Amino acid sequence: MEFIDINSRNEGKERCTAQVQAVSAGAEHRWGFFLLPLALPVMLLVVWEVLSRKGFIRPTILPPPTDIWQVVVEMTVSGELLKHLLISLERVVKGFSVGAVLGLISGILIGLSPRIERAVALVTGLLRPIPIIAWVPVLILWMGIDEASKITVIAIGSFWPVLLNVIQGIRSTDRKYLEVATILEKSRWMLLTKVILPSALPSIFTGIRIGIGIAWMSVVGAELIAASSGVGYMIMYARELSQADVMLVGVFSIGITGLLIDYIIRTVESRLLKWNV
Amino acid sequence: MSSLTQQLLSITGLSKQFAINSETVQALTDINLQVTPGEFISIVGASGCGKSTLLRIIVGLDSQSSGEITLGGQAIHKPGVDRGMVFQEARLLPWLTVRDNIAFGCRSNATNVEKCRLVDEHIALVGLAGFESAYPHQLSGGMQQRASIARALVNRPKVLLLDEPFGALDAFTRINMQQEVLRIWEAEKTTMILVTHDIDEAIYLGDRVVVMSSRPGTIKKIVPVTLSRPRDRSDYDFVQIRKEIYAEFFEQSPKPFAYAI
C-alpha cells in the first residue's frame, strides 16, 4: 500500500512538470500568440490608410487612421476624451451594480423556487423582449433627463442577462452534490453558500460578462438620445459639427473600453474559478 | 430474540416499489438483516438487484414502501450524520480543497477548534497528509475516494455505507483501497456496509457476505466469512467461499468457469 501511495505522489509531480512544460512551450510561442490577433487589424488599418491617401475615400466621410490618431492625441492632452469616457463609465458602474444585484437576488429566488418562477413567469416573459432603447423615452418622461434615467436604463439592460444566467446556473447544480449535503444534514444556508452558489458561479460570471456588455451599450444609447456629457453625447455633438474624426474616436473608444472591461472580468473569473478546469 | 438489543442496525421486512411509467417495479422484497456494532457487512449482487437502493434507504435518501429500519433502536426516516456514505464517484465539491471538503463533513454545531482537530486527524487517517490544499481535480481517483471516505468518517458515524466505492478505480488502486478501508475499519471500529459486484472484494472485506438476487431484489443467502485478517485471496478456505457464492449466481451452469487472480 505504501508502494501505491508513493506512486500517486509521483503522479502529482508528473502533473506539475507537465504544467511547467506547457507554460514554457507557451513562452516559445508567445510571439505568435500576440502577432496572430494583431495581424488582421493592422492589415485593415494599412488598407484604410492607403485608400484614404490615394483619394479613394473622402476624408470628410472617413478620415485616414493617422488623422484620427492625431485627434486622439489632441483630445487626450486636453482631457476631453477621458472626461467623457469616465462619465459614461461611472454611469455604467452605477447602473450595472443596481441591475446585477437585483438580477442576482431575483435569480437566486426564482432558481430555488419553482413557485416563485411560476408566479413571475408572465411578467418576466412580457418585459424581457422589450429593447432597452424603447425604455429611454419612457424613463426620460418619468425621471427627467438627468442621471437617474440613464442609470435606470443601464440597470434594466444588465438585469436580464444576469437574471437568466443565475437561474440557469442554480438549476444546473448537480444532484449528486445536493445528496451529499443532505446526508451531512447541512442547513439551507450552507446548501446555498457552499454548494449551489459555487456551482452556479461559472454561469453567474457568464451573466455578468454579457450584462456589463449590454450596460456599456445601453449607456451609449441613452447618451445618444439625451445627454450633455458622456461618449454618446460626444459622438452626437461631433455629428452636428460634422467632425467625422471626433465621431470615430468616440466610436472606437467605446469598443476599446468594452474590450478592456471584458478582459478584466475574465481575469477575475479565472482567478476565482481556478477549480473549474 | 434476546440478541436483538445488541443489534446496531436492524432491517425488518423492508420492501420498495418504484413507479416507472405508471408501471410498478418491485425493487426490494422482504429484506431482513441484523448488523452488530463494529461488523463489516458486504452486500454482493448483480446490477439491478436493488443493493444500491437498499443503501439509499438506509442513509435516508430514499424511503421504503414498507418495513422498518432502526439504528441503535431509533427508526430511520431521514438522513442524519449518524450515517456516513461513500459513493462510487467521490462527489467531492470541486470548488473546495481537500481540507475544506473534509471540513464540510463536520457537524454544523462543531466548534472551529474541534473541526480542525477532526479534519487533521482524518486527513492523516486516510493518508492524505501533504495534499490538504489540493483541489479534487488535482488528485488521482484513489486519492479522491480517500478524501471522500475521510469526509464521511469525520462525524464518527455509527455506520459507514459504501456504495461500490472502488467500482470506478483500476484494479491495482482497487486492491490498495480495499486494504486501506480494512486498515481504517480496524483503527476506527466503525460499522461498515459495503455494496459491491466484486465477489472477491466482498469476501476479502466482509465478516458476512449478503448475497442478493435480482427481480425482485431480495436476500438469497448470508455467507459468514470467519477467516482471519489479512485474508489471502488464494487461500483454500477463501476459494471455497468464493465457489459457494459463485454457485449462487451461476447455479444453472453445470461447471462454473475457472476463476483465478
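Residues numbered from 1 in each chain as written. Chains lettered and ligands numbered in written order. Predicted model: local features only at pLDDT ≥ 70, side-chain atom pairs only at ≥ 80, totals over all residues. Heavy atoms only, no water.

## Description of the domain arrangement of chain A
Residue and element names in this part refer to chain A. If you check the domain split of chain A, you get domain 1 (1-57) and domain 2 (64-272). Contact with domain 1, which involves five residues of that partner, is made by six residues of domain 2. Summing both sides of the interface, domain 1 and domain 2 together bury roughly 450 Å²; the carbon and sulfur share of this comes to 68%. On the domain 1 side of the contact with domain 2, Trp-48, Glu-49 and Arg-53 bury the most area, a combined 81% of that side's loss. Applying the counting criterion to the domain 1 and domain 2 interface returns one salt bridge. Residues Asp-67 and Arg-53 are paired through a salt bridge, measuring 3.4 Å at the closest nitrogen-oxygen approach. Taken together, the links from domain 1 to domain 2 amount to three residue pairs in polar contact (both at pLDDT 80 or more). (Domains from an automatic or database assignment. Contact = heavy atoms within 4.5 Å. Buried area = accessible area lost by both parts, 1.4 Å probe. Salt bridge = Lys/Arg side-chain N within 4 Å of Asp/Glu carboxyl O. Polar contact = N/O pair within 3.5 Å; in protein donor to acceptor, adjacent residues only side chain to side chain.)

## A look at the pairing of strand S4 (residues 66-71) of chain B
Residues and elements named next belong to chain B. Taken together, the five bridges between strand S1 (residues 9-20) and S4 define a ladder with antiparallel strand orientation. For Ile-11, the partnering residue across the bridge sits in S4 and is Ile-69. Both S4 and strand S5 (residues 74-75) contribute to a ladder of two bridges, which runs antiparallel. For Thr-70, the partnering residue across the bridge sits in S5 and is Ala-75. Once S4 ends, the chain turns through two residues before running back antiparallel as S5, passing Gly-72 with a positive phi of about 55°. (Pairing = 2+ DSSP bridges. Helix = DSSP H or I, 4+ residues; strand = E, 2+ residues; numbered from the N terminus.)

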